[in-house]
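Reading the structure
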Amino acid sequence: MADVVQMHFTTVDYVIFVILLVASTGIGLFYAFSGGRQRTTREFLLADRSMSCLPVSLSLLATFQSAVAILGAPSEIYAHGTQYWFLGCSYFLGLLIPAHIFIPVFYRLQLSSAYQYLELRFNKTVRVCGTVTFIFQMVIYMGVVLYAPALALNAVTGFDLWGAVLAMGLVCTLYTTLGGLKAVIWTDVFQTIVMFAGQLAVIVVGTHQAGGISEVWRKAQNGSRIAGLDLNPDPLERHTFWTLGVGGVFLMLALYGVNQAQVQRYLSSRTEREAVMSCYVVFPCQQIVLTLGCLMGLVMYARYGEDSPLDKGYVTANDQMVLYFVMDVLRDLPGLPGLFVACLFSGALSTISSAFNSLATVTMEDLIKPYFPAMTEARATLLSKGLALAYGLVCLAMAYLASLMGSVLQAALSIFGMVGGPLLGLFCLGMFFPWANSIGALVGLAAGLVMAFWIGIGSFLTRVGPPAPRPPSFNVTTGNMTTEVMTTLVSAVTTGRPRPTGLQALYSLSYMWYSAHNSTTVVVVGLIVSFLTGPMKEKDVTPGTVYPVLGKLLFFLPERYREKLCCVTPLGQKVKTLDTQPYKMAQKESNGLALPREDKTEDEQELEEEGEVTQPPPCRLSHMLQETAL
């Protein structure tokens, strides 16, 4: 194989890249020394609950629009065609459900950490287990997110590898530690704009050089890269409408419904309505991002056809192809390669800063504050900043470990997907099933994690070996999800292998079903164990922690049966809510018990006197959550 072809940055490219880092640092310093100056944990970890819809939505988008996705989506489209675009179908339910179920529950409980919910609903042990699982997930992920784009950049341009890693890690640590969540959100906004600009520049120039969009489309059609609707229901098929459009919903729920990095943004909104609207604004933005990735992949195919830079030996991995293409297309336009690299590193910075901030929050709120209730606000804020700094240094250490892993990078990033499903299942178990108890939650989470790692590691190990030959047509199912992160099943159709059976079939499950499979495992095992050990009664469930989905689905049953099933819902009652205290929320008392809040604001008393608030019996307060109407 030929040596990797290296192209080089001009002075203008370096200047643009440095401007990105300086601007990101500047935003962090601005919020560190102006306004509230991050003097309280509420300001530092939740932006003083003062953010409006637009910056929150762009930050939601940027948090998981990492460099991995920017590098990987075009490579996926180039290799396998536009079937991946149907992932966009999952965005609708994947954002609608968090907007109308998860956000009302989390926001009305006035939480700081999503895992506080688990203590209110179950007990402290479940909360700690959920927190530790999340920390494990994010610590591994952020080292890979930091290292992967730097490695690709180094391979293609000769850009100093550890210089890039240190620059990103230190800048990100600096503005996250000084500026808190407000700085993270506003740098996400800036970095999202840079991401869009970088991708658009490459697409516009590449399309022009290929002869226009019609020529790009013609070449893609001739190369069988334009995919139709594949309704094959086989869960072992890597990408079909069902795996992407239905399995993707569970993946989106794990990301946008219960992940602390996203929940923290919802909780930083000024009102519940702003939080819900941010989910709606993310939907078209996600579609645009997905479309840009697809267009870049098609433009790459129009330029190279079947003779990919990877096959020619110009690059050594799929995640380097996009950078090679960018440097190739923009080589005569100084500054634009630097803009795209700034776009790439913006994706990495936004993801890592969100990880730092969310990790500092859960560590502070779930692992430290409960055991040191007398800690002063000033000390808690200083400790939160120290935690953000510490996680920044841990991220750099993880990037170094990632450099030693080699091909195990694929397994490391798979862990992120595998852990998200069980956590989603744990929250769904508590939120939708009032009779689930703490023992069922713990056993269910353990079963979900065991199943996740069993399938994930078994899938990885059974496919270690020589790669399958690449067929000439689009209908290949070899290869990996974006940047070779998750290896997947080699189709029996294209390789001539018999259909897997038994354990091999389990290991061959499409990675898009991982989240659905693992979350369902948690719910099923959790419910079985709960019934065996004594299900909770509705009156024992903390008010506000259960969403009345069962009551709405079983509305046709007589009330006495629904009461026995623990799913009575005040369907006919309407609650006029306030932005700050929408209803009688659960409040943590110093003895660790979750009790309903008895004090009322003047506005609430006024509403009660006007007869506009109807309170149900105490045992049914848990079902007062109503769908948020836009």
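Residues numbered from 1 in each chain as written. Predicted model: local features only at pLDDT ≥ 70, side-chain atom pairs only at ≥ 80, totals over all residues. Heavy atoms only, no water.

Points about the overall build of the protein chain
In plain terms, the rule: Each helix corresponds to a stretch of at least 4 residues labelled H or I by DSSP, and each strand to a stretch of at least 2 residues labelled E; elements are numbered beginning at the N terminus. For the accessible areas, the method is Shrake-Rupley and the probe is 1.4 Å, while residue cover comes only from the protein chains on display.
Tallying secondary structure elements over the protein chain gives 25 helices and 4 strands in all. Roughly 24000 Å² of accessible area belongs to the protein chain as shown, and the carbon and sulfur atoms make up 65% of that amount.

Here's the deal with a nonpolar patch on the surface
To keep it simple, the criterion reads: Like charges are joined within 9 Å and nonpolar side chains (Val, Leu, Ile, Met, Phe, Trp, Tyr) within 5 Å, but only among residues with over 30% relative accessible area and no salt bridge; these make up the patches. Put simply, a salt bridge is a Lys or Arg side-chain nitrogen that is within 4 Å of an Asp or Glu carboxyl oxygen.
Residues Trp162, Tyr400, Leu401 and Leu404 make up a contiguous nonpolar surface patch of roughly 410 Å² in combined accessible area. Ranked by residues supplied to the nonpolar patch, first place goes to helix α17 (residues 377-405) with 3 residues.

Some remarks on helix α4 (residues 67-80)
Condition: Here the expected span of a helix is defined as 1.5 Å times the quantity of residues minus one. Each residue is placed in one exposure class: buried if its accessible area under a 1.4 Å probe, protein chains only, is under 20% of its type's maximum, exposed if it is over 50%, and partly exposed if it falls in between.
Compared with the 20 Å implied by 1.5 Å per residue over 14 residues, the 20 Å span of α4 between its first and last C-alpha is a close match. Of all the 14 residues making up α4, 13 are buried; the element is thus mostly covered by neighbouring parts of the structure. Just beyond α4, the residue with positive phi is glycine 81, at close to 95 degrees.

Some thoughts on the packing of helix α7 (residues 124-157) against helix α15 (residues 321-329)
Heads up, the condition is: Fitting a line to C-alpha atoms yields each axis, with helices limited to the stretch in contact; the angle taken between N-to-C directions then spans 0 to 180 degrees. Convention used here: angles under 35 degrees read as roughly parallel, angles over 145 as roughly antiparallel, angles from 65 to 115 as roughly perpendicular, and any remaining angle as oblique. Crossings are assigned a handedness: left-handed for a near helix turned anticlockwise from the far helix by less than a right angle, right-handed for a clockwise turn. Throughout, a residue-residue contact means that at least one pair of heavy atoms, one from each residue, lies within 4.5 Å.
The geometry of α7 relative to α15 is characterised by a closest axis approach of 9 Å and an angle of 45 degrees between their N-to-C directions. As the angle between them shows, α7 and α15 are arranged oblique. α15 is crossed by α7, and the crossing has right-handed handedness. Here Ala152, Leu153, Val156 and Thr157 of α7 come into contact with α15, specifically with Leu323, Tyr324 and Met327.

Things to note about unusual backbone geometry
Backbone geometry places arginine 49, a non-glycine residue, at a positive phi of 45 degrees. Relative to the helices and strands, arginine 49 resides in the loop between α2 (41-46) and α3 (53-63). Exposure remark for arginine 49: the relative accessible area of 11% places this residue in the buried category. With phi around 55 degrees, glutamine 110 is a residue other than glycine that occupies positive phi space.

Comments concerning the pattern of salt bridges
Applying the stated rule across the entire model yields 10 salt bridges. Arginine 127 is the salt-bridge partner of glutamate 119, the closest N and O atoms lying 2.4 Å from each other. A salt bridge links arginine 270 to glutamate 274; the nearest nitrogen and oxygen atoms lie 2.9 Å apart. Glutamate 274 sits in the buried class, given a relative accessible area of 18%.

Some thoughts on the packing of aromatic side chains
One pair of aromatic rings is described through two measures. These are the centre distance and the angle between the planes. Keep this limit in mind: Think of it this way: a Phe, Tyr or Trp ring, Trp meaning its six-membered ring, pairs with another when their centres are within 6.5 Å, and the plane angle makes it stacked under 30 degrees, edge-to-face over 60, tilted otherwise.
A full pass over the atoms with the stated rule returns 22 aromatic pairs. Between phenylalanine 92 and phenylalanine 283, the ring centres sit 6.1 Å apart and the planes meet at 75 degrees, which makes this aromatic pair edge-to-face. Taken together, the positions of phenylalanine 92 in helix α5 (residues 89-108) and phenylalanine 283 in helix α13 (residues 272-304) put the pair 191 residues apart, joining distant regions of the chain. Centroid distance tryptophan 162 to tyrosine 400: 6.0 Å. Interplanar angle 50 degrees. Geometry classified as tilted. With a gap of 238 residues between them, tryptophan 162 in helix α8 (residues 161-210) and tyrosine 400 in helix α17 connect regions that are remote in the sequence.

Description of the side chain of threonine 131
Examined against the element boundaries, threonine 131 turns out to sit in helix α7. The class for threonine 131 is buried, based on a relative accessible area of 0%. Contact partners of threonine 131, with chain neighbours within four places excluded, come to Tyr115, Val362, Asp366 and Leu367.

Points about the environment of valine 450
One can find valine 450 in helix α19 (residues 438-462). Since its relative accessible area comes to 56%, valine 450 is described here as exposed. On a C-alpha basis, the gap between valine 450 and methionine 418 in space is 9.9 Å, while along the polypeptide they are 32 residues apart.

Let's talk about the side chain of arginine 127
The condition is simple: Pairs of N or O atoms within 3.5 Å make up the polar contacts considered here, provided that, within protein, one atom can donate a hydrogen while the other can accept it, and that residues adjacent in sequence are counted only when both atoms are side-chain atoms.
Mapped onto the elements, arginine 127 comes out in helix α7. Side chain to side chain, arginine 127 and aspartate 366 meet in a polar contact 2.8 Å long. Residues within four places of arginine 127 in sequence aside, it is in contact with Tyr115, Gln116, Leu118, Glu119, Glu365, Asp366 and Pro370.

Some words on the confidence of the model for the protein chain
How we decide: The pLDDT score gives, residue by residue, the confidence of the prediction method on a 0 to 100 scale.
Per-residue confidence for the protein chain gives a mean pLDDT of 77, with 79% of residues at or over 70. Low confidence marks residues 465-496, where pLDDT is under 50. Its contacts with residues over four positions away, or in another chain, come to 86 contacts. A low-confidence stretch, residues 569-630 (pLDDT under 50), is modelled with 123 contacts involving residues beyond four sequence positions or located in other chains.

Some points on the packing of α13 against α15
What counts here: Any residue outside Ala, Val, Leu, Ile, Met, Phe, Trp, Tyr, Cys, Pro, Asp, Glu, Lys and Arg is labelled polar, Gly included; the first ten of those are nonpolar and the last four are charged.
Remark: α13 packs on α15, axes separated minimally by 11 Å, with the N-to-C direction vectors making an angle of 65 degrees. Here α13 lies roughly perpendicular to α15, going by the angle between them. In this structure, the crossing between α13 and α15 has a hand that is left-handed. Here α13 contributes Met296, Val299, Met300, Arg303 and Tyr304 to the contact with α15, which in turn contributes Met321, Val322, Tyr324, Phe325, Asp328 and Val329. Broken down by class, the residue content of the contact of α13 with α15 amounts to 9 nonpolar, no polar and 2 charged.

A few points about the state of the cysteines
We apply this condition: Note on disulfides: each one is a pair of cysteine sulfur atoms within 2.5 Å.
On inspection of all chains with the given rule, the structure shows 0 disulfides. Among the cysteines around cysteine 279, which has no disulfide bond, cysteine 53 carries the closest sulfur, lying 9.6 Å off. The buried category is assigned to cysteine 279, whose relative accessible area is 2%.

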